[in-house]
Amino acid sequence: MIKIDHLSKTFKTKNGSVEALKDVSLEVKKGGIFGVIGYSGAGKSTLIRNVNLLEKPTSGTVSIDGTDITSLSAGELLKARRKIGMIFQGFNLLKTATVYDNVAIPLKLTGVPKKDIKERVNRFLSIVGLSDKADTYPAQLSGGQKQRVAIARALSHEPEVLLSDEGTSALDPDTTDAILDLLLRINKELGITILLITHEMHVIQRVCDSVAVMENGEVVEKGKTIDVFTSPKHGTTKKFVNGIFNHQLSDEMIESLKETGKIYSLKFTGDSSEEPALAIITKRFDIFPNILSGNITQLKEDPFGSLLVHFKGADNEIKEAINYLQEKGIQTEEVMTYEQSKRIS
Ligand SMILES: Nc1ncnc2c1ncn2[C@@H]1O[C@H](COP(=O)(O)OP(=O)(O)OP(=O)(O)O)[C@@H](O)[C@H]1O
C-alpha cells in the first residue's frame, strides 16, 4: 500500500552535504501499522517528510496504492496528498480557532461542500471523543486532547494513510497509551494504514505489526515486530529491545553461579509463553531452575516473555532440558559474562 523504494535524500549545507536518507526501501501493508524507530538524527523525520513529499527526495520513489507520487504534477500531487493524513509531535493547531474550526477550516480550503463539512467535523470529533469540546480553543485543552483534535483534522479528509511524526512524544505515559489506543481503533474500525516514527520502543511494542530500525539514514533492520523483538540482530535494535528487559548481572554473580550450573536467557512468544515449561523440565530432568530476573510483556496482541534462569545440575541434564525447551519453541542462549547479560533481551 505504501511502497518506499530506494529513497535517498541529501541536504546541501554550507558545511557540505548531509546524506539524511540512504537507499531506504520499505513496504507498509494495507491496513497495517508500521513503525520506524531510531535515535535522534537517524533520519526518521526526513523519511516521513519525504513520504508525503513535504520534501522532495533526491532519488527513489514513494508509491501509495500503486501510484508513484514522486512523479505527479503539482496539481495531481495536491489531490494525492488528500489520501495522506498527518499528525505531529507539536499538534500544529490554529491557536485562534475553535476545535470545530481547526477541523473545518482545512476542509473549506480544499473545497468540501458546506453541508458535508458539518457532518464530517461532528463525525470525527465524535470518533476522537471530543464532541463536547467543539467550541473550545486549543489553549484550554490538554496535550492529549490537542492531539485528538489533530487526529480528527487528519481523518476529516478521509485519508487512506495516516502518518505520525512522533505523535505521542510530547505526552505523558498514560496519555501516550490513550492516543495509541485511539490509533489502534482508527486502524481497526476505519481500515486506515498507519506509518509512524518514534524513538520509543513502547510505541512500537504497543501498536505496530512491523518495524524498521534506522541509523545514520539507513534501515539497519526490519521485519515483523515479534520477530525483531525476539531475535534482534543489529546492535541498535538490541539496545532498543534491551531497554524493555533489563537483565544485568554482575561479573561476580555470574562467576559464582557458573560454579554450580549454567545461566540461560529464555524467550517465550505466543503459544510457548503459555506452557509451564520450567515446571515440566524440573520434573523430567535432574535440574533446579532458579529465575534470576524476568519480564512478561505484550507485543500488540501477543504475549512475550524474557527470563534469565540459573540451571543447577549436571551438564548433560541441563543440555537435555535446554533441548526440550527449544523443542517447545522457546529461544535459549547461554549467558557467560556481564557484558552478555547486558546485551541479552
Ligand atoms: N533541512 C535540513 N538541512 C540540512 N540537514 C538536515 C535537514 N533536515 C535534517 N537534516 C539532517 O539530516 C539528519 C537526519 O535528521 P532527521 O531530523 O531526519 O533525524 P531524526 O531521526 O528525525 O531525529 P530526531 O528524532 O532528533 O528528530 C540529521 O543529521 C540532520 O541534521
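Once a new chain begins, its residue numbering starts again from 1 and follows that chain's sequence as written. Two thresholds apply to this predicted model, a pLDDT of at least 70 for residue-level local features and 80 or more for giving and counting side-chain atom pairs, whereas whole-chain, interface and lining totals are computed over all residues. The side-chain figures draw on all heavy atoms in the structure; neither hydrogens nor water molecules are used.

- The name given to the protein in an unreviewed UniProt entry is D-methionine transport system ATP-binding protein, and the organism recorded there is Salinibacillus kushneri.
- UniProt positions are given in the numbering used here, feature names are shortened, and annotations may be inferred rather than shown by experiment. The record in UniProt for the protein states the following under Sequence similarities (unreviewed entry): "Belongs to the ABC transporter superfamily."

Here we look at the domain arrangement of the protein
So, point 1. Start and end positions for the domains come from either an automated domain assignment or a database one. Domain boundaries assigned for the protein yield domain 1 (2-235) and domain 2 (251-343).
So, point 2. Between the C-alpha centres of domain 1 and domain 2 there is a distance of 39 Å.
So, point 3. Residues are treated as being in contact if the distance between any of their heavy atoms lies within 4.5 Å. The interface is formed by 14 residues belonging to domain 1 together with 10 residues belonging to domain 2.
So, point 4. Three residues stand out in domain 1 for area buried against domain 2, namely Gln205, Ile226 and Thr230, and they jointly supply 59% of the buried area on that side.
So, point 5. Within this document, salt bridges are pairs made up of a side-chain nitrogen of Lys or Arg and a carboxyl oxygen of Asp or Glu, the two lying within 4 Å of each other. Our count for the domain 1 to domain 2 interface comes out at 1 salt bridge.
So, point 6. With a closest N to O distance of 2.6 Å, Lys300 and Asp209 form a salt bridge.
So, point 7. Under the rule applied, a polar contact is a pair of N or O atoms within 3.5 Å (in protein, one hydrogen donor and one hydrogen acceptor; residues adjacent in sequence only if both atoms are side-chain atoms). Summed over the shared surface of domain 1 and domain 2, the result is 5 residue pairs in polar contact (both at pLDDT 80 or more). Once two parts are put together, the accessible area they lose, assessed with a 1.4 Å probe and summed over both, is termed the buried area.

Focus on the sheet that holds strand E2 (residues 16-28)
So, point 1. Strands are treated as partners if at least two bridges between them are detected by DSSP. Helix and strand assignments come from DSSP, with helices taken as H or I runs of at least 4 residues and strands as E runs of at least 2, each series counted from the N terminus. Sheet architecture is open: 4 strands sit in the order E2-E1-E4-E5, paired in antiparallel fashion. Single-partner strands in this sheet number two, and they are E2 and strand E5 (67-68).
So, point 2. Across 5 bridges, the pairing between strand E1 (residues 2-13) and strand E4 (residues 59-64) is antiparallel. Paired with Ile4 across the bridge in E4 is Val62.
So, point 3. In the packing of helix H1 (residues 44-51) onto the sheet, the strands contacted are E1, E2 and E4, and the crossing angle to E1 comes to about 115°. Orientation is described by lines fitted to C-alpha atoms, with helices fitted over the stretch in contact, and by angles between N-to-C directions that extend from 0 to 180 degrees.

Description of the site of the ligand
So, point 1. Around the ligand, the neighbouring residues are Phe11, Thr13, Val18, Ala20, Tyr39, Ser40, Gly41, Ala42, Gly43, Lys44, Ser45 and Thr46.
So, point 2. Here an oxygen atom of the ligand and a side-chain polar atom of Thr46 are 2.5 Å apart.
So, point 3. Method for areas: the Shrake-Rupley scheme with a 1.4 Å probe, in which residue coverage is limited to the protein chains shown. Burial of the ligand by the protein amounts to 59% of the accessible area it has alone, namely 630 Å².
So, point 4. Elements that contribute at least two residues to the shell around the ligand include exactly E1, E2 and H1.
So, point 5. It is H1 that provides the largest number of residues to the shell around the ligand, a total of 3 residues. Nearness here has a simple test: a residue counts as near a molecule or strand if at least one of its heavy atoms is within 4 Å of that partner.

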